[in-house]
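These are the residues of each chain, in order.
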Amino acid sequence: MRVLILFVDGVGLGSSDPAVNPLAAADLPVLRGLLEGRAPVADAAPFHGASASLVGIDATLGVAGTPQSGTGHAALLTGEDAVRMFGRHQGPWVPTALRPMVAERSVLARAKAAGLRVAFANAYPEELVERAAEEGVAGRRLGPLRAGPPMAALGAGVLTRHTAALERGDAVATEITNDGWIRHLGRTSLPRLDPPAAGRNLAGIARAHDLTLFAHYTTDTVGHRGTFQEAVASIEKVDGFLGGVLEGRPGDLLVVVVSDHGNLEDPSVQHTRNPALGVVVGAGHREFAERMVDLTRVVPLVLERLLPA
Ligand SMILES: [Zn+2]
């Protein structure tokens, strides 16, 4: 029994109008195939098909205001009611007060403590991780490690994939393809990958572990700053990536695609209070998806699946 959590930031279930919602306008052969012709929009959920389920995940957690990444990541990765704990939705980074919890009590740390093989598939530059290891999660120079997924990985001791791992296909760039690493970080030895090839690499990592986490954020940044066409392209990239994952996955893998709040589904505004995207693929998808009602439910469901009583 294996689980892959494929986190995509800022994707909610919105309108079925392709003039409004990039997820309704995009060419998504993989997701539409899983959803038997449906687009991942509000009207289509809940859906439980032969191989996959689509559900909306409550990201508001009963708190007023617009859900944000910092508290959302904390809730999603620890199963704790992080929004109430902090008192409000807060982002984009995990608030300092919640960092010890994310580092010490994430699903990665808990699965590892239970003896499971745990992987964080994202590659991060080695120099950044070395600095963070010296400073700890309260450090001032954490940069992108202030996001929940790498912070949880740092706390669990699995933020271990860097340039060499990316080069041999044993890690995946946060942006999916290696373009950013090649262009902005000067890692010219890295192969240029298309999204399906990166997805096959992620499937290989998931095959070698009980629990694998991968996190992607471009969907949220494009939702904030991109054009409608860029929003369409960003979800099409995720679709191609998911296709590669499914192609290379081991038979006992449950793929859990989750987001932390809405944004991309309505480029005319910033974050939304729409339910966050939840797609579950693999044996037992329905039982899992039906109970994934809000952000705090993901961790207990994953641990229950990996560590049956
Ligand atoms: Zn977010």
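Notes on the overall build of the protein chain
And then number 1: Counting secondary structure elements, the protein chain contains 15 helices and 7 strands.
And then number 2: Over its C-alpha atoms the protein chain spans a radius of gyration of 18 Å, differing by no more than 12% from the 19 Å that the globule rule assigns to 309 residues.
And then number 3: Its C-alpha atoms give the protein chain principal-axis dimensions of roughly 50 × 45 × 45 Å.
And then number 4: Among the 309 residues that make up the protein chain, the fraction classed as buried is 58%.
And then number 5: Sequence-distant contacts, at least 24 apart, represent 72% of the contacts inside the protein chain between residues at least 6 apart.
And then number 6: Total accessible area computed for the protein chain in this model is approximately 11,600 Å², and 50% of it derives from carbon and sulfur atoms.
And then number 7: Computing the positive centroid from 29 side-chain charges and the negative centroid from 33, the protein chain places the two 5 Å apart.

Regarding the coordination of the zinc ion
Each pair of donors in an ideal octahedron of six around a metal sits at 90 or 180 degrees, and each pair in an ideal tetrahedron of four sits at 109.5 degrees.
And then number 1: Bound to the zinc ion are the protein donor atoms Asp-9 (OD), Ser-69 (OG), Asp-260 (OD) and His-261 (NE2), situated 1.9 to 2.1 Å from the metal.
And then number 2: For the zinc ion, the 4 donor atoms in the first shell make angles of 103 to 119° at the metal, so the coordination geometry reads as tetrahedral.
And then number 3: Each donor residue of the zinc ion lies on the same chain, and together they follow the pattern D-x59-S-x190-D-H. Remark: Asp-260 occurs in the loop between strand E6 (253–258) and strand E7 (276–281) and Asp-9 occurs in the loop between strand E1 (2–8) and helix H1 (22–25); sequence separation between them is 251 residues. Summarising the burial analysis for this pair, Asp-9 and Asp-260 share the class buried.

Some thoughts on the pattern of salt bridges
And then number 1: In total, this model carries 13 salt bridges according to the counting rule given.
And then number 2: Arg-2 serves as the salt-bridge partner of Asp-252, at 2.8 Å between the closest nitrogen and oxygen. With Asp-252 in the loop between helix H13 (228–248) and E6 and Arg-2 in strand E1, the pair connects residues that are 250 residues apart, well separated along the chain.
And then number 3: Exposure remark for Arg-2: the relative accessible area of 17% places this residue in the buried category.
And then number 4: Ionic pairing is found between Arg-168 and Asp-170, a salt bridge with its closest N-O pair at 3.7 Å.

A short note on the sheet that holds E1
And then number 1: Strand order in the open sheet formed by 7 strands is E2-E3-E7-E6-E1-E5-E4, with mixed pairing between adjacent strands. Unpaired on one side and paired on the other, strand E2 (47–48) and strand E4 (118–120) mark the two borders of the sheet.
And then number 2: Relative to E7, strand E3 (residues 52–57) runs antiparallel, the two sharing 6 bridges. Its bridge partner being in E7, Gly-56 is matched across the sheet by Leu-277.
And then number 3: In the packing of helix H15 (residues 298–306) onto the sheet, the strands contacted are E1, strand E5 (211–216) and E6, and the crossing angle to E1 comes to about 160°.

Points about the pairing of E3
And then number 1: Among the 6 residues that make up E3, 5 are buried, leaving the element largely enclosed by the rest of the structure.
And then number 2: The pairing of E2 with E3 spans 2 bridges and is classified as antiparallel. Bridged to His-48 within E3 is Ser-53.
And then number 3: Linkage of E2 to E3, two consecutive antiparallel strands, is achieved through a turn of 3 residues.

Basis of the calculations
Residues numbered from 1 in each chain as written. Predicted model: local features only at pLDDT ≥ 70, side-chain atom pairs only at ≥ 80, totals over all residues. Heavy atoms only, no water. Helix = DSSP H or I, 4+ residues; strand = E, 2+ residues; numbered from the N terminus. Rg over C-alpha atoms; globule rule 2.2 N^0.38 Å. Buried < 20%, exposed > 50% of the residue type's maximum accessible area, 1.4 Å probe, protein only. Contact = heavy atoms within 4.5 Å. Areas by Shrake-Rupley, 256 points an atom, 1.4 Å probe, with all protein chains shown as cover. Lys, Arg positive; Asp, Glu negative; His and termini not counted. Charge placed at Lys NZ, Arg CZ, Asp CG, Glu CD. Donors = N, O, S within 2.8 Å, 3.2 Å for Na, K, Ca; no water. Tetrahedral: all angles 85-135°; square planar, octahedral: opposite > 155°, others 65-115°. Salt bridge = Lys/Arg side-chain N within 4 Å of Asp/Glu carboxyl O. Pairing = 2+ DSSP bridges. Axes fitted to C-alpha atoms, helices over the stretch in contact; angles between N-to-C directions.

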